[in-house]
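This is what each chain is made of:
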Amino acid sequence: MFDKLFVLSQYITPQRAVSRLAGRLADSTSAPALKNRVVNWFIGRYGVNMSEAAESDPTVYPSFNAFFTRALKPGVRTVAEGTDVFVSPVDGTISQLGQISNDRVFQAKGQSFGLTEILGGDDSRAEPFRHGEFSTIYLSPKDYHRIHMPMAGTLREMVYVPGKFFSVNPVTAAHVPNLFARNERVVCIFDTEAGPLALVLVGAMIVGSMETTWAGVIAPEPAQITRWVYRGEDAISFEKGEEMGRFRLGSTVVLAMPKGAVTWDANQVPGKSVRMGEAFGRVGSNNT
């Protein structure tokens with residue numbers, strides 16, 4: 001009963017207004033005493049491990065978002081070595097992983113979302129990933145919220161797709177159809193030695209915004225699909241494990257690669273917690 005009421009509340013809440021207000025408050029530096037109380041409550045409520053943070057004193061952060069997107073101490077995350085090792089891009093919990101079925105991606109029992117739709121509605125952008133491999137990883141409030149490259153790649157394209165702001169926790173994933181393709185998102189397409197890699201940052205309720213290391217906060221106005229293309233001198237290359245973006249309040253990352261480009265490790269299963277940099281899969285030749 002509680003789950004049904006929670007999901008119903010997602011439909012009737014003014015999602016965009018609430019999320020944008022939360023984002024402005026989280027960025028505010030005008031009330032440090034209030035910020036400190038909120039941050040300390042958050043740390044206690046969600047069990048945030050501040051001993052891993054580069055700055056462990058929560059009062060030093062000028063805003064809640066500065067705390068939320070905190071850096072880690074050098075060495076607390078190790079990026080698995082090997083050019084054929086695909087690593088987890090984030091700290092989080094595996095929601096699902098497996099094979100894309102034509103244009104449908106498994107979300108939860110009885111639910112799926114559209115591949116073309118989540119990638120911004122362009123058939124040619126989605127085509128390389130049909131029948132390919134996917135994984136979705138949920139970042140809970142306690143997690144480290146910077147996003148890193150799972151393998152080396154060169155940025156080809158970024159697409160901002162406006163949408164809803166449903167929560168992306170397991171309850172809504174199980175009850176809201178097409179969830180990840182309905183929410184606001186930023187789609188990043190990289191060229192890699194194993195073929196194209198789609199890395200999608202999915203927004204959610206009270207997520208203030210999403211940002212990338214090359215473009216900053218992504219929130220173009222008016223709210224319409226916006227595309228950036230990177231070619232020639234504008235191309236940006238990343239090493240495996242290098243930071244590429246951040247969630248300013250938590251959400252989900254969706255990964256996709258062509259069929260045969262990657263094989264997920266057998267011990268990576270739905271419900272398992274992962275840490276950024278740990279071995280997640282094995283990169284292979286593209287069999288498409």
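Just above, that's the structure.
Here the residue numbering is sequential within each chain, running from 1 through the sequence in written order. Restriction of local features to residues with pLDDT of at least 70 applies here, the model being predicted, together with a cutoff of 80 or more for giving and counting side-chain atom pairs; totals for whole chains, interfaces and linings are based on all residues. Water and hydrogen atoms were dropped before computing side-chain values, which therefore reflect all heavy atoms in the structure.

Honestly, the overall build of the protein in this entry has me stumped. Any pointers?
For the protein, the helix and strand inventory stands at 8 helices and 18 strands. Any pair of residues with heavy atoms lying within 4.5 Å of one another is described as a contacting pair. Excluding contacts between residues fewer than 6 apart, the proportion of contacts in the protein whose partners are at least 24 apart in sequence is 77%. Surface accessibility of the protein: about 12600 Å² in total, with carbon and sulfur atoms responsible for 54%. What counts as a helix is a DSSP run of H or I of at least four residues, what counts as a strand is a run of E of at least two, and both are numbered from the N terminus. All accessible-area figures derive from a Shrake-Rupley calculation using a 1.4 Å probe, and residue coverage is judged against the displayed protein chains alone.

Help me understand helix H3 (residues 32-46) in this model?
Because an α-helix packs 3.6 residues into every turn, residues spaced three or four apart end up facing the same way. To estimate the expected span of a helix, subtract one from its residue number and multiply by 1.5 Å. With 15 residues, H3 extends 21 Å from end C-alpha to end C-alpha; this agrees with the ideal 21 Å at 1.5 Å per step. If you check which residues of H3 are buried, you get Lys35, Asn36, Val39, Phe42 and Ile43. An end-on view of H3 places all buried positions within 130° of arc, on one side of the element. Facing away from the buried side of H3 by more than 90 degrees, the exposed set consists of Arg37, Trp41 and Gly44. The elements touched by buried residues of H3 are helix H4 (64-68). For each residue, the accessible area found with a 1.4 Å probe, counting protein chains only, is set against the maximum for its type, and the residue is called buried under 20%, exposed over 50%, and partly exposed in between. By arc we mean the arc of the directions from the helix axis to the C-beta atoms, nothing more.

Honestly, the environment of valine 38 in this entry has me stumped. Any pointers?
Here valine 38 is to be found in helix H3. For the pair formed by valine 38 and phenylalanine 64, sequence separation is 26 residues and the distance between their alpha carbons is 7.9 Å.

Quick question: what am I supposed to make of the sheet that holds strand E10 (residues 209-212) here?
Two modes of strand pairing occur in sheets, parallel and antiparallel, and in both the strands are linked by backbone hydrogen bonds. Criterion used throughout: strands pair if DSSP finds at least two bridges between them. With respect to topology, 4 strands assemble into an open sheet ordered E6-E14-E10-E11, the strand pairing being antiparallel. For this open sheet the edge positions go to strand E6 (146-148) and strand E11 (216-217), each flanked by a neighbour on one side alone. When E10 meets strand E14 (residues 243-248), the two strands line up antiparallel, connected through 4 bridges. Across the sheet, residue glutamate 211 finds its bridge partner in E14, namely arginine 246.

How should the environment of alanine 219 be read in this particular structure?
Topologically, alanine 219 is positioned in the loop between E11 and strand E12 (226-229). The class for alanine 219 is partly exposed, based on a relative accessible area of 35%. As a C-alpha pair, alanine 219 and tyrosine 160 span 59 residues in sequence and 7.8 Å in three-dimensional space.

Got a minute to help me understand unusual backbone geometry in this structure?
Working note: non-glycine residues mostly have negative phi, and peptide bonds are mostly trans. One non-glycine residue with positive phi stands out, namely asparagine 102, at about 60°. Among the structural elements, asparagine 102 can be located in the loop between strand E2 (92-99) and strand E3 (104-108).

Explanation requested: the pairing of strand E15 (residues 252-257) in the structure shown.
A regular strand places its side chains so that they alternate between the two faces of the sheet. E15 sits mainly inside the fold: 6 of its 6 residues count as buried. Burial along E15 is two-sided: the residues Thr252, Val254 and Ala256 and Val253, Leu255 and Met257 are all buried. Examined bridge by bridge, strand E5 (residues 133-138) and E15 share 6 bridges and lie antiparallel to one another. Bridge pairing in E15 places tyrosine 138 opposite threonine 252. Note: strand E9 (residues 195-202) against E15, 5 bridges, orientation antiparallel. Note on E15: the bridge partner recorded for valine 202 is threonine 252.

Quick question: what am I supposed to make of the pattern of salt bridges here?
In the sections that follow, a salt bridge refers to a side-chain nitrogen of Lys or Arg positioned within 4 Å of a carboxyl oxygen of Asp or Glu. Taken as a whole, this structure holds 15 salt bridges when the rule is applied. Across the pair aspartate 91 and arginine 77 runs a salt bridge, and its minimum N-O distance is 2.6 Å. Of this pair, aspartate 91 sits in the loop between strand E1 (85-87) and E2 while arginine 77 is found in the loop between H4 and E1, placing the two residues 14 residues apart along the sequence. Residue aspartate 91 is classed as buried on the basis of its relative accessible area of 5%.

Looking at this structure, how should I read the side chain of glutamate 184?
Structurally, glutamate 184 is set in the loop between helix H8 (179-182) and strand E8 (185-192). What makes glutamate 184 buried here is its relative accessible area of 2%. At a separation of 2.5 Å, a polar atom in the side chain of glutamate 184 contacts the side chain of tyrosine 160. Two N or O atoms count as a polar contact when they lie within 3.5 Å, although within protein this holds only if one can serve as hydrogen donor and the other as acceptor, and sequence-adjacent residues are included solely when both atoms are side-chain atoms.

What am I meant to see in the nonpolar core here?
Here is a general trend for soluble globular proteins: nonpolar side chains tend to be buried in one another's company. The nonpolar core is taken to be a set of buried Ala, Val, Leu, Ile, Met, Phe, Trp, Tyr and Cys residues, with the residues joined through side-chain atoms within 4.5 Å. Among the nonpolar cores identified, the biggest contains 35 residues, and Phe86, Phe190, Trp214 and Met244 are the most heavily contacted of them. Elements supplying a minimum of two residues to this core: E2, strand E7 (153-161), E8, E9, E14, E15, strand E16 (262-264) and strand E18 (279-283). Contacts of methionine 244, omitting those with residues within four sequence positions, involve Ile147, His148, Met149, Cys188, Phe190, Leu199, Leu201, Glu211, Thr212, Thr213, Trp214 and Phe238. Counting 23 residues, the second-largest nonpolar core is a separate cluster that includes Val176, Val187, Ile189 and Ala198.

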